[in-house]
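Chains, contacts and geometry: an overview
Okay, here's what each chain looks like letter by letter:
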Amino acid sequence: MSENKKRKSLKNTNPLQKVPSKVNTSNETNAPAVENKKRQVPIWEILSFILPFVMLGIGFAMIKIHPFGDRQFLVTDLWHQYYPFFRVLHEKLREGGSLLYTWTSGMGTNFLAIMAYYAASPLNLLSVLVSEEYLRETMTVILMLKFSFAGLFFSRMLRYCFGKNDISICMFSVMYALCSYMMGYYWNTIWIDTVALLPLVMHGLTALVREGKYRTYVIALALALLSNYYIAYFICIFTVLAFFCLCLYEKLDLRTFGKRFALVAGGSLFGAGLSAWILLPAYHALQLTHSVSNTFPKEITFYEGWREIISNMLAFTEVTSKSGLPNLYCGLLPVLLLGAFLVAKNIRIREKITAVLLMVFLIVSCNMNILNFIWHGFHFTNMLPYRFSFLFSFVVLVAAYRAYHILLDEKLSIWQWFGMLASAVLFLTLSYGARTEGNDPNKFVIASGILASVYLIIVLCRTFMPKSAVQILLAAVLAFEMGQHAINGVKTVGSSDYVSYPSSGEHVDTLLAQIEDTEDDLFYRTELSAWYSLNDPSLYGYDGFSQFSSMANKRVTTFSRLIGMPASEAGNRYYYANTSPFTNMLLNIQYMIAKDGYNADELSMSRIGVSGNCTLYRNDYATSLGFMSNPAAASYKMDTTLNPFEQQNVVFRRMTEVGGELFTRIDITHVGHKGYEVSRNGYGSYSYTRKEDAPAESFLKYNYTTLKKGMVYAYMTVKNGDNMLVYHNGDKKHSYNISRQPFITPVGYYDEGELVTLRCNLKEDAKSGTIKVYFYQLNEDVLKEGYEALSDEMLKLTKFSDTAFTGEIDVKQAGCLYMSVPYEEGWTVYVDGKKSKIVPVFDAMCGVNLTEGTHTITMKYSPKGFVMGLVISISAVVLFVVLYVLERRRKMMAAAVPTKAKKKNVSGKS
């Protein structure tokens, strides 16, 4: 073939098209030539799977991740959330628990919704093969496998779309698997599956547009939605953009476009239908969270400088792991190839325009508040910005791969090489001086310049060297670059201590086993006196109160905050800290473990066990899962103007009808602030300003005198304050962490007239702020009278499981059965076998009105939307199988027709 004919042939190819061909409007086509070599070992795809695994593994070994050392990759939310929920899933898989609900987290929660966001990765099923002892190692291997599949799927896509099966598909697949998004956000293990599945979705979409084949697209999209619907939402938006680009590349006529549009719409619904069993319950659960309350931005603003953003495409840049610039880097070679892509005559103008527009749109989306808001599900993120930036890396790599083979397949075009040079000069020039932080902010630009020169020299060698030799040289340099990036990435993300996680785990397990051996009740709740993670029940494996989750029930969070528990609606969390006896009644806390052995509550708690530094206490004022209360409690709407102590006074009075206050307010006796001017705005409300001559050790100090013998409790929150120190007659007793959310906590049992001091040390940068500090004394006689009223009519459980429980109760006076079960529509209550209405008590907990007499109460749970979703998914599976069988039969019949005709011709000749 002449040079001109070769160039003409290449000119007709598309960025996502493996061979020039007329669009086939049928659902079946002949497989490409490269795929016909069925016996050929797919060595480059195998390497695309292995190399990301090995490179990430080397990075982990470099920072001593277990078993190569005493570190683990659990950090931030992986430490607080993902691993604890993974542990719960593992327990359910191993022991046969229901995936619909768990009592372990948040007093009871929709586990299917939690699993949909945190633990639905199909690879998590591998954990069933190991014991909990090796669960963290299993999680590490599963993460490394996700990187492997990212490489494998990208190589499969390149092989299908471009018809290539050489070392290049491995090179570009490694760049995708180890791009800065993957290396910066890998600790968000819950996202990585769907990022890895993006190339498979695009593979399927290309087959759908080009050949009318839909199965790969449907299955890949279903897997993406199943693995993590949040990241899959980004892929769905991108799929819409990619579909129109592909149709433009393929030059579809109007009729064919209509067919493909119907096919992609139907395929998308098909994919969603296959995963509807988990998507619908997750959707309904999201309606109960704080995240649905968002305001659309009114003005357009930009976050970062454009040059600074573009500089993050260069090599040797630090990945963003929590906050910072968007993760755009996916190798320096693709950046250079963008220049060749733009100047190559063999690439059509429409391809260049659409590719550039896609890249520009994605970068602008990262930097513009409105587009960023829309991309993130009409929500502004908390940490981890630009969560869709992996799409930019994908587009860059596909465009670069398109240019790569045009550049090397034929005799090197000097104009394409100069395009690469121009791209290098442009990006390096824009990046130089764009950053001002650090000792040498331009170091990465200089290093990238050197690396770019190496790449350019190697490509220039194509003028006298064969393509295979050039590719080997490029691959060697690329291996160094991406290997270095992987090591730098894991160092930036960091690690935590392996041995001490979870803290005092063996001793807590011993005490939990003691409870299980001695407790007769079918259900009881336990908690730690002070939090370790924000999901301690899920981490340590007990039924408790605490939950930190994007699926946290906002109503329960608000209720918890108003009664004085540490909680935050915006933070999606409510968790336990040693609190008042009445709060423990409301939450059904029967046991408490103090890991440091300290418990200031000497009134309502009795010590019953010790293991190491941990002490086990039994609540002497414990309640069951349900107890009768005054009907007035069901209709009470929390008064948000009251402080937590006064709130408890009102709730206690309404539930028990006991006269007198549960808590009595104590005002300050005097103060002893050092280095600060403090003004009082009302009881418990203050403002502070740091003095100019304040010493380094400055603090706020409040002194109180007890009114009588008994327990006293405190509630303190100080802007910029981390700890509340408690002193008794000048001697330090304990320190409480108040750096997160404020809470009621016991500070000791004292005689009348004793001096108790609350102190908060502040750092030098704490110039001004606000203070809330309340000090109350518990009235023990009122507490006892109220407890006797509530404990006299408690629900006695006779059956209990993950999704249902039954109990009996003897009601002496008509009222409301309060149950410490978070209210949501998934619950159904039956009274004496008849369906009844659930009353949302305090707009947060389940309740049911009962008449006088003995009743049998049954509660059953099924997540809202689960039944409908399951029916849709089963229907989708059946339809998918039916279509597959019909298509196979049609194909077999079509193949049989020529055979019959051939036999007929042979018979005629004879």
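Being a predicted model, the structure only gives us computed values, none of them experimental.

Reading the values: the criteria
- Residues numbered from 1 in each chain as written.
- Predicted model: local features only at pLDDT ≥ 70, side-chain atom pairs only at ≥ 80, totals over all residues.
- Heavy atoms only, no water.
- Helix = DSSP H or I, 4+ residues; strand = E, 2+ residues; numbered from the N terminus.
- Contact = heavy atoms within 4.5 Å.
- Areas by Shrake-Rupley, 256 points an atom, 1.4 Å probe, with all protein chains shown as cover.
- Lys, Arg positive; Asp, Glu negative; His and termini not counted.
- Charge placed at Lys NZ, Arg CZ, Asp CG, Glu CD.
- Salt bridge = Lys/Arg side-chain N within 4 Å of Asp/Glu carboxyl O.
- Pairing = 2+ DSSP bridges.
- Axes fitted to C-alpha atoms, helices over the stretch in contact; angles between N-to-C directions.
- Buried < 20%, exposed > 50% of the residue type's maximum accessible area, 1.4 Å probe, protein only.
- Polar contact = N/O pair within 3.5 Å; in protein donor to acceptor, adjacent residues only side chain to side chain.
- pLDDT = per-residue confidence, 0-100.
- Patch = residues over 30% accessible without salt bridge, like charges linked within 9 Å, V, L, I, M, F, W, Y side chains within 5 Å.
- Expected span 1.5 Å × (residues − 1).
- Core = buried A, V, L, I, M, F, W, Y, C linked by side-chain atoms within 4.5 Å.
- Parallel < 35°, antiparallel > 145°, perpendicular 65-115°, else oblique.
- Left-handed = near helix turned anticlockwise from the far one by under 90°.
- Nonpolar A, V, L, I, M, F, W, Y, C, P; charged D, E, K, R; others polar.

Some thoughts on the overall build of the protein
When its secondary structure is counted, the protein shows 27 helices and 31 strands. For the C-alpha atoms alone, the extent of the protein along its principal axes is close to 110 × 80 × 50 Å. Counting only contacts in the protein whose residues sit at least 6 apart along the sequence, the fraction spanning at least 24 positions is 75%. Roughly 37,000 Å² of accessible area belongs to the protein as shown, and the carbon and sulfur atoms make up 57% of that amount. Placing the 87 positive and 73 negative side-chain charges of the protein at their respective mean positions leaves the two points 19 Å apart.

Things to note about the pattern of salt bridges
The final tally for this structure, using the stated rule, is 24 salt bridges. Connected through shared salt-bridge partners, Lys164, Asp166, Asp409 and Lys467 make up one network.

Observations concerning the sheet that holds strand E17 (residues 698-705)
Ordered by their spatial adjacency, five strands build an open sheet running E14-E17-E22-E19-E20, and the pairing between neighbours is antiparallel. The open sheet has two edge strands, strand E14 (668-671) and strand E20 (731-737), and neither has a second partner. Looking at each pair of strands side by side, their axes are set apart by 25° on average, direction ignored. Where strand E19 (residues 723-728) and strand E22 (residues 755-762) come together, four bridges link them in antiparallel fashion. Opposite Val726, over in E22, you have Leu758 as the bridge partner.

Remarks on helix H4 (residues 111-118)
Of all eight residues in H4, eight are buried; the element is thus mostly enclosed. Inspection of H4 places Phe111, Leu112, Ala113, Ile114, Met115, Ala116, Tyr117 and Tyr118 among the buried residues, and these make up the whole buried set. Taking the backbone nitrogen of Leu112 as reference, a side-chain oxygen 3.1 Å away marks Asn110 as the first, capping residue of H4.

A closer look at the confidence of the model for the protein
In the predicted model, the protein carries a mean pLDDT of 92, and the fraction of residues at 70 or more is 94%. A low-confidence stretch, residues 1-37 stays under pLDDT 50, and its non-local contacts, those more than four residues away or across chains, total 82 contacts.

Quick look at the side chain of Gln777
With respect to the helices, strands and loops of the structure, Gln777 is situated in strand E23 (residues 768-778). Taking relative accessible area as the criterion, Gln777 reaches 0% and is therefore assigned buried. Engagement of the side chain of Gln777 in a polar contact is seen with the backbone nitrogen of Leu707, the distance being 3.0 Å. Polar side-chain contacts of Gln777 include one of 2.6 Å to the backbone oxygen of Lys708. Excluding residues within four positions of it along the chain, Gln777 makes contact with Leu662, Phe663, Thr664, Ile666, Thr706, Leu707, Lys708, Lys709, Gly710, Met711 and Val712.

Looking at the pairing of strand E5 (residues 525-528)
Alternating residues of E5 divide into Arg525 and Glu527 and Thr526 and Leu528, and every residue in both groups is buried. As judged from the four bridges shared by E5 and strand E9 (residues 589-594), these two strands associate in the parallel manner. The partner of Arg525 across the bridge, within E9, is Ile589.

With respect to a nonpolar patch on the surface
A grouping of Val41, Ile43, Ile46, Ile50, Val54, Ile58 and Met62 is seen on the molecular surface, where their side chains present a nonpolar patch of about 570 Å² in accessible area. As for its placement among the helices and strands, Ile43 is situated in helix H2 (residues 43-62). Its relative accessible area of 39% is what places Ile43 among the partly exposed residues.

As for H2
Along its 20 residues, H2 runs 28 Å from first to last C-alpha, staying within 8% of the 28 Å computed at 1.5 Å per residue. Among the residues making up H2, those that are buried are Glu45, Ser48, Pro52, Met55, Leu56, Gly57, Gly59 and Phe60. Where the residues of H2 are buried, they touch helix H5 (135-162), helix H6 (167-177), helix H7 (180-185) and helix H20 (467-493).

Notes on the environment of Phe316
Note that Phe316 resides in the loop between helix H13 (306-311) and helix H14 (332-343). Each C-alpha atom of the pair Phe316 and Ala486 lies 10 Å from the other, and the pair is 170 residues apart in sequence. Apart from residues lying up to four places away in sequence, Phe316 is in contact with Phe444, Ala447, Ser448, Leu451 and Gln484.

A short note on the environment of Leu47
Note on placement: Leu47 falls in helix H2. Given the relative accessible area of 26%, Leu47 is considered partly exposed. Between the C-alpha atom of Leu47 and that of Ile169, which follows or precedes it by 122 residues, the distance is 9.6 Å. Non-local contacts of Leu47, meaning those with residues more than four positions away in its chain, are made with Pro52 and Cys170.

Some points on the sheet that holds strand E8 (residues 573-574)
Overall, antiparallel pairing links the three strands, which are arranged E6-E8-E7 in an open sheet. The outermost strands of the open sheet, each flanked by one partner alone, are strand E6 (547-548) and strand E7 (567-568). Where E7 lies against E8, two bridges are found, and the strand directions are antiparallel. Within E8, the position partnered with Ser568 by the bridge is Arg573.

Thoughts on the nonpolar core
Ranked by internal contacts, the top residues of the largest apolar core, which has 195 residues, are Phe172 and Phe390. With residues near it in sequence (within four places) discarded, Phe172 still touches Phe154, Leu158, Leu337, Leu397, Ala400, Tyr401 and Tyr404.

Comments concerning the environment of Ile563
Along the chain, the position of Ile563 falls in the loop between helix H23 (554-562) and E7. Ile563 sits 75 residues away from Met638 along the chain, and the two C-alpha atoms are 9.2 Å apart. Apart from the residues within four sequence positions on either side, Ile563 is in contact with Thr583, Leu586, Met638, Pro644, Gln648 and Ile744.

What to know about the packing of helix H8 (residues 189-211) against helix H10 (residues 229-250)
The interhelical angle for the contact between H8 and H10, taken along N-to-C directions, is 25°, at an axis separation of 10 Å. Regarding the angle of H8 to H10, the classification is roughly parallel. As H8 packs across H10, the resulting crossing turns out to be right-handed. Counted together, Trp191, Thr194, Val195, Leu198, Val201, Met202, Leu205, Thr206, Val209 and Arg210 of H8 and Tyr230, Ile231, Ala232, Ile235, Phe238, Thr239, Ala242, Phe243, Leu246, Cys247 and Glu250 of H10 form the full contact between these two elements. Classifying every residue of the contact of H8 with H10 gives 16 nonpolar, three polar and two charged.

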